[in-house]
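# Commentary on secondary and tertiary structure
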Amino acid sequence: MRQQQTIRKPVTCTGVGLHSGCGVSLTLTPAPPGTGIVFIRTDLSAKPWVPAVIANVRPTMLSTTIGVDGVQVQTIEHLLAAAAGLEIDNLYVEVDAPELPALDGSATPFVDLLLEAGLAAQDRSRSYLKIVRPLDVTEGDKRISIRPASTASVTYTIDYDHPLIRRQAYTYDWSPDSFIRDIAPARTFGFLREVEALWEAGLGLGGSLHNTLILSDEGLLNEDGLRYRDEFVRHKILDLVGDMTLLGMPIVGEILAIRSGHALHARLVSRILESRDNWVLVSAETHAPAGRLRELPPSLVASPQRD
Ligand SMILES: [Zn+2]
């Protein structure tokens, strides 16, 4: 419970987009209180702004993409996760290409960049969206739900018919220390047999063993091996932490996800915002859930996202 945060100074990195294969330069700069996270396409003459809110999410297969008036920014979830993990509320993200750099496929390079910039407390308190009644989104055997709790946590379960994965479950109790240590280093993964299909769809063009864990039928192609035995489920949590920032503010509740993914994460965010009786806004100054209620800005309230 505290003040909103941004970063102290601009920082820059460069890399290649995972799906587009395009080179991209990314600059993070401080933003005023109440801004949220706003992407700016500096390669376009109008330098259009694309705020990272659920109303701007565009359907994609494998990553989280936002867009306004035909201007898109793709694969934003690992940077969003780093910002959420470090409890950064306000940030401008300037990119000179339509996709963020993949870097090493985890959130750690973004965490390091944000820590290099330094965190700055701002003169406005944080608001939290506190769940008071449960919500549930399902699709076949995939499920994601959220229920009331006094803190934020995520329990994720995945199930793949692969000897290195099988059933993995992990619980993340939301905190910057745990995010940096337990979640941020977990990398994107994919299956070798799916790579060709991705290329045919014009995706994964920047993917390599430097930024993706690639699984063969029996094992792992990456010679350095895994960072954690359960790196796969930890990466799913990383993606969810990033996608939950599309709410526009931090959440208080217990999230349970089973075989979920970006599309279902986005549907949970939409369902929460639509279900106005299931949550209250709690200011950082008021600990009681029935304390000061505020209305969400209309721009945050989305029409339902469909897969
Ligand atoms: Zn990811």
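Note that the coordinates shown come from a computational prediction; the quantities given were computed from them, not determined experimentally.

The geometry of two aromatic rings is summed up by the distance between their centres and the angle between their planes. Throughout the structure, instances matching the rule amount to six aromatic pairs. With 5.1 Å between their ring centres and 90° between their planes, Phe189 and Phe232 make a pair best called edge-to-face. Of this pair, Phe189 sits in strand S16 (residues 189–191) while Phe232 sits in helix H5 (residues 231–244), and the two are 43 residues apart along the sequence. Side by side, Phe189 and Phe232 carry an identical accessibility label, which is buried. Here the aromatic residues Tyr160, Phe189, Phe191 and Phe232 are joined through ring pairs into a cluster of three or more. The ring centre of Tyr228 lies 3.9 Å from the NZ or CZ of Arg234, which sits over that ring. The ring of Trp279 has Arg276 sitting right over it, with the charged end atom 3.9 Å from the ring centre.

Before going further, it helps to spend a moment on empty space enclosed by the protein. Taken as a whole and assessed by the stated rule, the structure comprises one cavity of 30 Å³ or more. Surrounding the largest cavity, Leu18, Thr75, Ile76, His78, Leu79, Leu100, Pro101, Ala102, Gly105, Phe110 and Thr188 form its lining. Taken together, the residues of the lining of the largest cavity break down into seven nonpolar, four polar and no charged.

Here the focus is the domain arrangement of the protein chain. Annotation of the protein chain at the domain level lists domain 1 (3–125) and domain 2 (127–300). Computed over C-alpha atoms, the centres of domain 1 and domain 2 are 17 Å apart. Interface area, domain 1 with domain 2, both sides summed: about 2,800 Å², of which 64% is carbon and sulfur. When the buried area of domain 1 at its contact with domain 2 is split by residue, Leu18, Ile54 and Ser125 rank highest and sum to 21% of it. At the boundary of domain 1 with domain 2, the tally comes to one salt bridge. Ionic pairing is found between Arg227 and Asp104, a salt bridge with its closest N-O pair at 2.9 Å. Here domain 1 and domain 2 share 16 residue pairs in polar contact (both at pLDDT 80 or more) between them. Of all the elements in the fold, those that place two or more residues in the side of domain 1 that touches domain 2 are helix H1 (77–85) and helix H2 (108–117). Here the side of domain 1 that touches domain 2 takes seven residues from H1, the largest share from any one element. The residue inventory of the side of domain 1 that touches domain 2, partitioned by class, reads 20 nonpolar, 13 polar and four charged.

Calculation criteria
- Residues numbered from 1 in each chain as written.
- Predicted model: local features only at pLDDT ≥ 70, side-chain atom pairs only at ≥ 80, totals over all residues.
- Heavy atoms only, no water.
- Phe/Tyr/Trp six-rings, centres within 6.5 Å; stacked < 30°, edge-to-face > 60°.
- Helix = DSSP H or I, 4+ residues; strand = E, 2+ residues; numbered from the N terminus.
- Buried < 20%, exposed > 50% of the residue type's maximum accessible area, 1.4 Å probe, protein only.
- Lys NZ or Arg CZ within 6 Å of the ring centre and 35° of its normal.
- 1 Å grid on protein atoms, 1.4 Å probe; cavity = no way out; pocket = protein on both sides within 12 Å on 5 of 7 lines; lining within 4 Å.
- Points joined across faces, edges and corners; volume = space filled by probe spheres on them.
- Nonpolar A, V, L, I, M, F, W, Y, C, P; charged D, E, K, R; others polar.
- Domains from an automatic or database assignment.
- Buried area = accessible area lost by both parts, 1.4 Å probe.
- Salt bridge = Lys/Arg side-chain N within 4 Å of Asp/Glu carboxyl O.
- Polar contact = N/O pair within 3.5 Å; in protein donor to acceptor, adjacent residues only side chain to side chain.

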